[in-house]
Every structure is written in C-alpha cells, then in structure tokens.
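# Results of the structural survey
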There are 6 protein chains.
Amino acid sequence: SRLTHIDEAGAARMVDVSAKDVTARTARATGRVLVAPRVIELLRGEGVPKGDALATARIAGIMGAKRTPDLIPLCHPLALSGVKLDLSVTDDAVEIAATVRTTDRTGVEMEALTAVSVAALTVIDMVKAVDKEAVITDVRVEEKTGGKSGDWSRS
Amino acid sequence: SRLTHIDEAGAARMVDVSAKDVTARTARATGRVLVAPRVIELLRGEGVPKGDALATARIAGIMGAKRTPDLIPLCHPLALSGVKLDLSVTDDAVEIAATVRTTDRTGVEMEALTAVSVAALTVIDMVKAVDKEAVITDVRVEEKTGGKSGDWSRS
Amino acid sequence: SRLTHIDEAGAARMVDVSAKDVTARTARATGRVLVAPRVIELLRGEGVPKGDALATARIAGIMGAKRTPDLIPLCHPLALSGVKLDLSVTDDAVEIAATVRTTDRTGVEMEALTAVSVAALTVIDMVKAVDKEAVITDVRVEEKTGGKSGDWSRS
Amino acid sequence: SRLTHIDEAGAARMVDVSAKDVTARTARATGRVLVAPRVIELLRGEGVPKGDALATARIAGIMGAKRTPDLIPLCHPLALSGVKLDLSVTDDAVEIAATVRTTDRTGVEMEALTAVSVAALTVIDMVKAVDKEAVITDVRVEEKTGGKSGDWSRS
Amino acid sequence: SRLTHIDEAGAARMVDVSAKDVTARTARATGRVLVAPRVIELLRGEGVPKGDALATARIAGIMGAKRTPDLIPLCHPLALSGVKLDLSVTDDAVEIAATVRTTDRTGVEMEALTAVSVAALTVIDMVKAVDKEAVITDVRVEEKTGGKSGDWSRS
Amino acid sequence: SRLTHIDEAGAARMVDVSAKDVTARTARATGRVLVAPRVIELLRGEGVPKGDALATARIAGIMGAKRTPDLIPLCHPLALSGVKLDLSVTDDAVEIAATVRTTDRTGVEMEALTAVSVAALTVIDMVKAVDKEAVITDVRVEEKTGGKSGDWSRS
C-alpha cells in the first residue's frame, strides 16, 4: 500500500479520478467538544437565552463542508447535493454529526469531517470567554456509502 | 457569565473590540491524528518515499490559519504576523502543534486551533485510502500570551 | 407549506437534491440603483471619461454569481454554464439585469439575484463619494426556466 | 466632482488611502425583503418551528460583511472590529439593519450594505419555495460616523 | 474572428457553454522562474536543508488551479478531476509544468496556466530575500486534448 | 544566506514579522503577454468594439492583489491601501504594470506580482479562442520603497 496522494517520487498531487464513476455517495462523520459545566448550562439556556449559539455552529459546519477543496490541498472540488449537521448538548459535551451527500466521482468523507471540525471550532469560539479549556475530540468518519469500494461503517 | 458572542436577546454578533488595545499576542494549540501502524511506516518513509506528506499538512495548516475569519462566523479578521506548524510522527499518531502571532485587538486562539484542525484534516485526507479509521483528537489551546486577560497556560 | 431549508425540528440544512434531474435551467433577475442627477451625468460621461465604471460593476456581478454558494449558507454549489449582466443608465437610476444558466440539479435564481446585488453594491461603491444617498431597490427574480417546477415568470 | 474610483483616463483603481487617518468609524445600513403573508406566518413560527431561519440570515450577513473586499472590486480590505445584524418580521416584510465598526483608514458603508444584501439574499433563498415573488428593496446607508468627512445621517 | 468573452456591444460576459459536450479534457502548461546562482544552491540543498521549498510551490500550484474561477472573471467553474505539478531546478531556473484534467464542458487551459503562475509566484516569495531580481517567464499552454476543437500542441 | 521561509529543519513557516515597523511601503511590478497580430487588432478595437477587454483584466488584477495571502502560502495578510493597474497594447504584446501601496509590517512585492499575473492570465483567457499561443513573460518587480531594507529598483 501507498499514500495515494503522493506519487512514486514523493510529490503531492491531486489524484486523477476521471475514470471513476459518477455515483450517489454519502458520508457521516462525528465529533465532540468537551466543555465545562457552566457552558452546558449556558447552551441549554439556563438563566440566559441560548439564542443562536447552536445555529451558528450548524451553519458554520454547512458552509465549511462547501469550503473543503479550498482548505484541503489535494481534495477534489465536488458538487455537494446535501449537507445536514446535528448538534446536541450532553452533560459534558456538544456532540456534532454531519451527513454529506454527492453524486460525483469521489467520496465525501473529507467534506463530512470538515463540516464537523468547523462546527466544533465555532462552538469553541463562542464558549472560549467562559471556558478556555474546551477540547475538540473524536472527530472521525462513521460510515460511507457508494463508490467503487462500496459501503463501510466503523466497527 | 454569558456567551459573549450572543447578545441579550439571543442574537449572534461579532463583538465590538474597538476599545481593546493593539498589543502583541500569541497562541499555541495542539492536536493529534491517531493512525494505523501501516500509516506510521508510510509517513516515516519505510519502503516508499515519504515525500510531501507532512509538508502538505504543514502548508494547509498555515493557510488554514489565514482563512479563520472566513470559516468561523463571529471571528474578527486579524493581521497575522507569524504562523508556525510542527508535525511529528509518534508510534501511533501524527502530533500537530501550531503557534500563531499577531499584533492586533483580539487573541489568536481560534487561528491556532484552525491551523491544527486543517493540518489534521489534511493528514486524514492523505492516509484515508490506507486507514479509514483515523481519528482527530485532543485539539485544544495550550497557552496564550498578551491581551487584557494576560498570559494563560493549560494546567 | 414549510420553509424547505429548515427541518421539522427547526434546524437549517442544505436540502438533499440528489434525486432531482440534471437539466438545463436559466434564471433572470433585475434590480435598480437610484442615484442623484450628478451621478447620471458622470456615468454617461458628460464632461469626464465614464471609463470603467459600468464595466467594473458588470464584472463584479459575474464574479458574484460564482461566489453565491460561499455567501448564501444553504445554497448548493452549482456548475454555472453562462452569466450575462446588462447595465443601463436611465434618467435617475442604473438598471441591472442578470441572466444565469446551468445544467445541474437546482435552479439558479439565487445566482442571478446575487449577481444583481453585487453589481448594485459595486455601483454604490463607485458613486458614494458623489452621492451618499444612493439606494438599491427592486431586486427580484423576473423569470426562470427548467427544472421540475417548470417555467415561471413574474406576473 | 468625479467618480473617485476612476482615474483621469477612465481606468478603475483602488484609491490610495495611505494618507488618511486611522480612526474609529461606524456605518449603519438598512434594507427590507418584501414577502407574502404565508411567509410572514412561517417566519413567526405559526404552526411550524421558525427555527434557524432568521439566525441563518443574521450569520450570513455577518460573514458577508467580512467578504466585502472579495466581492466589491475597488473596496479596501479593512480590519472590522464589530458587526451586528438586526432582523425583524413586520406584517409584510423582513426588516434588516446592519451596524459595522472599524478602526482603519476608510469607512465601512460598503461593509454595512453588503451585510444587509447578503442577509436579504439569504432570506429569499429560504422562502423562495413558498414565495417566488419576494423582493429586496430600500437597501441604503442610514448613517456613518468618523473619518475626515465626519458624521452623516440620511435626511 | 472576435473576442468571444466580449459581446457585440463590447460587454464582458461568461460565455454560455450549456450546448457543449461533457467530455474528458486535459491541458498542460509550463513556465519558468529565473533565479540567481545562490538560489539554485539553496534549492538544491547545498549547505542548508532544501526542505519544503519546492513542496510549498507545488501545493500552492495545485490549490491555485482550484481557485481559477475565483480569479479569472469570465472563467467557468469546473469539476477538476486531477492536477499534477512538476518542479525541477536547472542551472539558472525553476522549471514548472502543470497538467490538469477534467470531465466537463470547457477546457482546462486556464487552470493549468493558473497553477503554473501561482507556483511561480510562490517560488519568488520564498527566494525574494536572497534574490530580488527573480523573473517569471514563458508561462504558456503546451498542449490540450479533448473538446470540440480536439487535440492541440504548440508547434 | 538562507531561504527565510524555511526554518533550520527545512519546514515552511510564515515568518514572524511582529518586530518589524509599520511603515508606508510601495512596490511596482511589470509583465507582458505576447499575442498574435490579430489579437492586437481586436484589442485596439479595429473592426469590432474593444469593449471591456482591458477593463476586465485591470479589475481582475486589482482583485488578485487582494487575494495574494489566499494564494501564496507563506504571505502575510496585509492592509492594502491602494492598487493601480496599467495596461497598454503595443505592436505585439499587452504590457501590464501594477503599483501597490500599504502601511504595514511587510512589503507588497508579492501583491504587485500577483496583480500582474492575474491580469495577464485574464488577458490570455479572453484571447485564447483567437490565439492559442499567447505567452506570459517578464513578470518581475521593478522597484520598491519603504521598510527596513529601504528603496530598491531593478538595475
């Protein structure tokens, strides 16, 4: 096996996917922002309006998915056909899940991971005045469908 | 305490920082991409040229720092005066650290975290054909200097 | 009826269009910048070269159409196949019309409206030293063709 | 008087502002999206969750303000120090107001107008499946403070 | 013959390509950065680590190809399916070649030229402290394949 | 001497400029697009309206200057205070000159070179249907003023 993005001489390249089929593909990724108890209260709206906090992260994640080829040097530009972000507040974290769909020549795992990462960064930005120690963790692909390698889900 | 980015009615806003001083500020953030043993071998160049793999992630991280206000909705555009990314390969992970400097009215914690996240996503993009299960973890601010709240480091 | 961009729980999302057909689609939008008589004279080149003024707005509008998915959070990225901007100077306004074409899964109304808006903002930017009171008005879709809902024109 | 963005030969240019003072400046712009009664009900949450609709437009407007120099060809890049978007639903329209602050060499009228325009386009995007006839109107600067020309408000 | 991007009235436009076929297309462009002997030594790693210098230019070129429609006003956004940058150091220059592939309605000559130009600018940026006189020269299309006009190579 | 953008271990970085003075700085760069005689006639408007051709390249160059830190990985984001593009048609070429001004901590040579390159690419895009063999050549810095290293002009 090899790193496909690096050619035999070691040079980075955007891999040629012209021969791959245009098929429906999806990917789902998740991640988590660990925050202090005081942040949980604020995000749940205890004593103050929770307002736009989660909406801001959700929209940032959706927009982040579209910026993936601008950010990740060797990613192909893709025609995204749908992006969904789910954020939920647990007792010690904000849980984030992103589902991305395309009908194109490559998978959308990177778009889903980027959506989760940008949403997570946005959560940190909003809570950092209250909790400097917030941590983004467990950002990973959960499952994908479509494409030549077929369906896959994390075991 | 309150989420400063959300006003008293719950609406998201970019907080007015005009009254803050222009001072030298730094932030350092770290993170880690957990990868399979086969990936560690490839990144160390065992049997194949390791080539541009880490350089690609390093450059993506530096460019990512500059895109922070485009990605994080309520972040202020800042004049970055320096960005440094360090990547190292351990036995089970790629460790990433970013140091960002500015002389401006707000801190650069978000720029450092974004640099780490984009570098981490780029690592995943390059190894995903070999290791679908790679995970980004422990993305967090380690220390900051400058600004009204002064120096801080994670305890 | 419902706002399609908001799911049943109220969360914003980029609607899944994978099931929609790839067809030729067009949209035409118009708008108007109301300006002072002195601006009309300058744009008509009375006494000074009118030079690049309208060309600058035209090009800004074309480039703005391409930036639509970067600006409008829930818009799909689309493969635009043609963009045309028409600007004309009347006795009290700059009239703007944009025609956008695609062969893709969603319509291009938003691209046409964005092209008109960015061209209109560019006109204001160029005249604002002479006329602080310029106003953008009547930005709207005039007609569309293609897609499942078929042709439509404003009554 | 002349169009300052066009030189004596008619060529567009980004005007040299190096000699202007760095001072605190603000601008406030407003605009309106005229919508059908059914849309008003949906945005007020009658019978369905209004959810993220207004938050999405608010965030798009804030992000749009930051993109101004990317969109308007002759605008200077500026260090924005604050952006606030207010949206309210009246009986026949969504009213939008944007207040932008900077401490820099040029005013922020264009940033305020761009914020209003992008928020207005985002409203149209969300309601267009229900109301094809929505119109953006009355986008204009209301007042500005700071800079050599001093304070100004629309009469 | 006419400049296709300018209509009969002289107005710039993005030409309508909806009637063109979606076919596999490639383009190869080359260029050269002329540098001082001391730069050649540094890029060859004589006495110092050459490190990421060429990798940085290579990655900038790949990312630049993806930004082509953002930079060139009348270029269509395209689904790039592969980008490859080759840099080599000769006795007095850095030679750059870019190969770009797509399966779309227009050619990718501009994407290949943009990749070469951005890589060349990045080389200059890295050597400019050592050699202020570096020059970018001979940036040109070498060959293209696909599309209605068929294959072509510079004579 | 060393490549300043590469540290002692060979890693690319954005050099820390916090200790540099904020001073007025300018840079002027030039370049040339060699074109066929038929293109010269078209650009001079012989027999057809020359229309927006040169304006399009001029505006693309101005906007390109603002995108420099997005394109060149190790460039600092800068507050540009003025950009001027001059294009002229000679007997066998389009001559391009860009003058960029800032009041900041680093020079604007890269911004001037990027403005020239993007304007040159835009010229090629507009003439490529008539002249496939156009070549960008002699893109180089002519002079700079300001900063610690002081004024410099090409000998």
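Everything discussed here concerns the structure shown above.
I will try to describe carefully the structure that is included in this document. Remember, predicted model here, so these are calculated numbers, not experimental data.

A few words on the pairing of strand 1 (residues 23-34) of chain D. Residue and element names in this part refer to chain D. Here strand 1 runs beside strand 3 (residues 93-104); their pairing, made up of 12 bridges, is antiparallel. In the sheet register, leucine 34 faces strand 3, and the bridge partner there is alanine 93. In the sheet, strand 1 pairs with strand 4 (residues 135-145) via eight bridges, with the strands oriented antiparallel. Each residue of the ladder has a partner; that of alanine 29, found in strand 4, is valine 141.

Between its terminal C-alpha atoms helix 4 (residues 109-127) of chain E stretches 27 Å, which fits the 27 Å expected from 19 residues at 1.5 Å a residue. Extensive coverage of helix 4 of chain E is indicated by the burial of 19 of its 19 residues.

What follows is about the relation of the copies chain A and chain E. Two copies of a chain can be linked by a rotation about an axis combined with a shift along that same axis. For the pair chain A and chain E, the relating rotation is 120°, the translation along its axis is 0.0 Å, and the fit reaches an RMSD of 0.0 Å. On this basis, the relationship between the two copies can be described by a three-fold rotation axis. Nearest to the rotation axis, the C-alpha of Ala79(A) is located 4.6 Å from it, this being the minimum over chain A.

Inspection of the secondary structure puts Lys144(F) in strand 4 (residues 135-145). For the buried Lys144(F), which has no salt bridge, the nearest side chain bearing the opposite charge is Glu109(F), at an N-O separation of 4.3 Å. One polar contact links Lys144(F) to Ser149(F), side chain to side chain, over a distance of 3.0 Å. A polar atom in the side chain of Lys144(F) sits 3.0 Å from the backbone oxygen of Gly150(F). In this structure, Lys144(F) is in contact with Lys132(E), Thr26(F), Ala27(F), Glu109(F), Ser149(F), Gly150(F), Asp151(F) and Trp152(F), ignoring residues within four places of it in sequence.

Let us look at the relation of the copies chain B and chain A. Here chain B sits on chain A after a turn of 180° about the axis and a move of 0.0 Å along it, with an RMSD of 0.0 Å. Both copies of the chain, as the preceding transformation shows, are related through a two-fold rotation axis. The position closest to the rotation axis in chain B is occupied by the C-alpha of Thr137(B), lying 2.1 Å away. Both copies contact each other with a shared surface, as 100% of the interface residues of chain B are interface residues in chain A too.

What counts, and where the lines are drawn
Residues numbered from 1 in each chain as written. Chains lettered and ligands numbered in written order. Predicted model: local features only at pLDDT ≥ 70, side-chain atom pairs only at ≥ 80, totals over all residues. Heavy atoms only, no water. Pairing = 2+ DSSP bridges. Helix = DSSP H or I, 4+ residues; strand = E, 2+ residues; numbered from the N terminus. Expected span 1.5 Å × (residues − 1). Buried < 20%, exposed > 50% of the residue type's maximum accessible area, 1.4 Å probe, protein only. Least-squares fit on C-alpha atoms with pLDDT ≥ 70 in both. Lys, Arg positive; Asp, Glu negative; His and termini not counted. Salt bridge = Lys/Arg side-chain N within 4 Å of Asp/Glu carboxyl O. Polar contact = N/O pair within 3.5 Å; in protein donor to acceptor, adjacent residues only side chain to side chain. Contact = heavy atoms within 4.5 Å.

None of the figures reported here should be taken as evidence of function without further support.
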